[in-house]
Amino acid sequence: MLVGVDLARGEAFDPTLDELALLAESAGDTPVARVVAKRKAPDAALFIGSGKADEIKLMVQALGAHTVLFDQAISPAQQRNLERHLGVPVADRTALILEIFAARAQSFEGKLQVELARLQYLSTRLVRRWSHLERQSGGIGMRGGPGERQIELDRRMIDDRIKSIKERLKKVQKQRATQRRARARNGVFRVSLVGYTNAGKSTLFNALTKAKAYAANQLFATLDTTTRSLYLEEAGTSVSLSDTVGFIRDLPHKLVEAFKATLQEAADADLLLHVVDAASPVLAEQMEEVERVLAEIGAQHIPQILVYNKLDLLEDNQRPRQLQDWLTRVGGEHGGQRLPRIFVSAVKGEGLDELRTMIASLMQAAPVPEYAGQETDPEIDQDIDPDGLTDVDGRDDLHDGDLNPQDTPQDRSDPQDHPQGRTG
């Protein structure tokens, strides 16, 4: 069952719960009912209040629902109280996103990042939920409290594991820094795809580079950053193009923190392709959310091209008169800035040649990359691959400036063979 509560505090709220339903389906669940409530403030004990909780309990029993999913974040105590009241497991939006990330992460780095976020989330959920682990209290010199010993052990184990993962992620960050420096030292122009989840970033990535990155019509189909070489005939050179994890409304801050190593690819780019689902009825809200996350990772100052994808899904009366124009940027300190916009269809190949031309034009007008001609930091160089860590594609290609040298020839883009809308 899907539950959403409109708190009327200026926060984003989806009255249809469509995005929560897509998240549930991405996690392998089947939504059977949707309940929307409106409150001035969350109930301290049950979040939705006892009356609405009784209503949901009757629906759970009637429909045979196995889980209740909340579109907002709920506290550990509220989760515990709801599970006792409803008789079924309860999860919030954050837990659902973490579950999807855990199932989709493929690379060693991605799995570490997801585990870190899940442990940080779980550390706040230790609220004495195990009655079989209770410890007797009372007596001189005895510490009491149900579950106290187990909670202490769990918290200590979680804290130790979090420290271990953070140390390993630091090594991954050093590897990524070396890889970026190698590309910049060779004068490689760096382009990153960013955007709301399911906007078609991976499909566009495959169409431009002939890569075979996984692409599907689902939320968070791609978690691991993939980088390929893209040849631009207009500029007579290649650029590196990276496909990054998608953003979403209310993306947990801990998840953003955990994925800093992956998102750093966007923060260090010379140009961002902000991919927008042109057919989405809430594209303005999705663009604002992307801008918010870009500001959080320090990438709001990087030049952007707004790529309105899924042109093929627009009705004839919705299609723009011009496929290229300028749009005023929304939100943040750069609000009001005019950005180039282009409409494309990654599936049909429409507008891709014009997009390449636009990238080449901005590349030629851009300053020299920050590390071009500089030597790599020796402290970083000497710490490469200490634990057998691999690149985001599962390959260890960090020792030179070539982008994925183990790629087969058909996976590369070359001047004689440009893709026209291939989805991979």
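Just so we're clear, the structure is a prediction, and the values are computed from it rather than from any experiment.

The rules we used
Numbering of residues starts from 1 in every chain and runs along the sequence as written. Confidence filtering applies because this is a predicted model: local features only for residues at pLDDT of at least 70, side-chain atom pairs given and counted only at 80 or more, and all residues used for totals across whole chains, interfaces and linings. The side-chain figures draw on all heavy atoms in the structure; neither hydrogens nor water molecules are used. Strands are labelled as partners when DSSP assigns at least two bridges between them. Secondary structure counts use DSSP, requiring at least four H or I residues in a row for a helix and at least two E residues in a row for a strand, with both numbered from the N terminus. Where helices are involved, their axes are fitted lines through C-alpha atoms of the stretch in contact, as for all axes, and angles between N-to-C directions lie from 0 to 180°. In what follows, residue pairs with any heavy atoms lying within 4.5 Å of each other are defined as contacts. Think of a 1 Å grid over just the protein atoms. A cavity is a set of points where a 1.4 Å probe fits yet cannot get out, a pocket is an open set with protein on both sides within 12 Å along at least five of seven lines, and lining residues have an atom within 4 Å of a point. Grid points are joined across faces, edges and corners, and a volume is the space filled by probe spheres set on the points. In this classification, the charged set is Asp, Glu, Lys and Arg, the nonpolar set is Ala, Val, Leu, Ile, Met, Phe, Trp, Tyr, Cys and Pro, and all remaining amino acids, among them Gly, are polar. Only centres within 6.5 Å qualify two rings of Phe, Tyr or Trp (six-membered ring in Trp) as a pair; their planes then separate them into stacked at under 30 degrees, edge-to-face at over 60, and tilted for everything else. Burial here depends on accessible area, computed with a 1.4 Å probe over protein chains only, as a share of the maximum for the residue type. Under 20% is buried, over 50% is exposed, and the range in between is partly exposed. Criterion for a charge above a ring: Lys NZ or Arg CZ within 6 Å of the ring centre, and within 35 degrees of the ring normal. Residue count minus one, scaled by 1.5 Å, sets the expected span of a helix. Summary of the metric used: pLDDT quantifies the predictor's per-residue confidence within the range 0 to 100. Should the near helix be turned anticlockwise from the far one by less than a right angle, the crossing is termed left-handed; should it be turned clockwise, right-handed.

Asker: Whenever I open this one, the sheet that holds strand β7 (residues 237–243) confuses me. Can you help?
Answerer: Strands belonging to one sheet form pairs held by backbone hydrogen bonds; the direction of such a pair is parallel or antiparallel. Ordered by their spatial adjacency, seven strands build an open sheet running β6-β7-β5-β8-β9-β11-β10, and the pairing between neighbours is mixed. With one partner strand each, in any of the chains shown, β6 (226–232) and β10 (324–328) form the two edges of the open sheet. The mean inter-strand angle of the sheet, taken between neighbouring strand axes irrespective of direction, is 30°. Direction of pairing for strand β9 (residues 304–309) relative to strand β11 (residues 338–343): parallel, over a ladder of three bridges. Bridged to Tyr-308 within β11 is Phe-343. Strand contacts of helix α10 (residues 283–296): β5 (189–195), β8 (271–277), β9 and β10, with the helix running at about 150° to β8, the strand carrying the most contacts.

Asker: Sorry, what's going on with the layout of surface pockets here?
Answerer: To locate leftover empty space, one rolls a probe as large as a water molecule over the atoms. Looking at the largest pocket, its volume works out to about 650 Å³. As for the largest pocket, its lining consists of 24 residues, of which Glu-19, Tyr-196, Ser-280, Val-282 and Gln-286 are closest to the centre. Of all the secondary-structure elements, those providing two or more residues to the lining of the largest pocket are α1 (18–26) and α10. For the lining of the largest pocket, the element with the most residues is α10, which contributes four residues. Residue classes in the lining of the largest pocket are distributed as nine nonpolar, six polar and nine charged.

Asker: For this particular structure, what's the right way to read the packing of aromatic side chains?
Answerer: According to the stated counting rule, one finds two aromatic pairs in the structure shown. Aromatic pair Phe-47 and Phe-70: ring centres 5.9 Å apart, planes at 85°, arrangement edge-to-face. Of this pair, Phe-47 sits in the loop between β2 (34–38) and α2 (50–63) while Phe-70 sits in strand β3 (residues 68–70), and the two are 23 residues apart along the sequence. Plain terms: the ring middles of Tyr-308 and Phe-343 are 5.1 Å apart, the flat faces sit at 55° to each other, and that makes the pair tilted. Placement of Tyr-308 in strand β9 and of Phe-343 in strand β11 is noted, with a sequence separation of 35 residues between them. Using a relative accessible area of 5% as the deciding quantity, one classes Tyr-308 as buried. Taking the relative accessible area as the measure of exposure, Phe-343 reaches 7% and is therefore buried. One cation-aromatic arrangement involves Arg-341 over Tyr-308; the distance from NZ or CZ to the ring centre is 4.9 Å.

Asker: Sorry if this is basic, but what is going on with helix α11 (residues 352–365) here?
Answerer: One turn of an α-helix holds 3.6 residues; hence residues three or four places apart share an orientation. With 14 residues, α11 ought to run about 20 Å at 1.5 Å a step, and its terminal C-alpha atoms sit 20 Å apart, in line with that. Every buried residue of α11 is accounted for by Leu-352, Leu-355, Arg-356, Met-358, Ile-359, Ala-360 and Met-363.

Asker: Would you mind going over the confidence of the model for the protein chain with me for this structure?
Answerer: If pLDDT is low for a region, its predicted coordinates should not be looked at in detail. Residue-level pLDDT values for the protein chain average 78, and 76% of them are 70 or greater. Averaged pLDDT values for the elements of the protein chain fall to 37 in helix α12 (residues 378–381) and rise to 97 in β3. Contacts for the low-pLDDT stretch residues 128–139, under 50 throughout, to residues beyond four places or in other chains number 22 contacts. A low-confidence stretch, residues 369–424 stays under pLDDT 50, and its non-local contacts, those more than four residues away or across chains, total 131 contacts.

Asker: Sorry if this is basic, but what is going on with the sheet that holds β2 here?
Answerer: Taken in spatial order, the four strands make up an open sheet running β2-β1-β3-β4, and their pairing is parallel. Since the sheet does not close on itself, it has two edges, and those belong to β2 and β4 (90–92), each with one partner. With strand direction ignored, the average angle separating the axes of adjacent strands in the sheet is 25°. Where strand β1 (residues 2–6) meets β2, five bridges bridge the pair, whose relative direction is parallel. What sits directly across from Leu-2, in β2, is Arg-34. The strands touched by α2 within the sheet are β1, β2 and β3, with β2 carrying the most contacts at an inclination of about 175°.

Asker: Please clarify how helix α4 (residues 93–104) should be interpreted in this entry.
Answerer: When the terminal C-alpha atoms of α4 are compared, their 17 Å separation across 12 residues agrees well with the 16 Å that a helix rising 1.5 Å per residue should span. Buried residues of α4: Arg-93, Thr-94, Ala-95, Leu-96, Ile-97, Leu-98, Ile-100, Phe-101 and Arg-104, and no others.

Asker: Can you help me understand unusual backbone geometry in this one?
Answerer: In most cases, non-glycine residues show a negative phi, while peptide bonds are predominantly trans. Positive phi outside glycine occurs at Phe-47, with the angle close to 70°. Looking at Phe-47, the relative accessible area reads 3%, which means it is buried. With a phi close to 70°, Asn-198 is a non-glycine residue in the positive phi region. By secondary structure assignment, the location of Asn-198 is in the loop between β5 and α7 (201–209).

Asker: What is the right way to look at the packing of α1 against α4 in this model?
Answerer: Where α1 meets α4, the axes come as close as 9 Å, and the angle between the chain directions of the two elements is 35°. Pair α1 / α4 crosses with left-handed handedness. Across the interface between the two elements, Glu-19, Leu-20, Leu-23, Ala-24 and Ser-26 from α1 touch Arg-93, Leu-96, Ile-97, Ile-100 and Arg-104 from α4. When its residues are assigned to classes, the contact of α1 with α4 shows six nonpolar, one polar and three charged.

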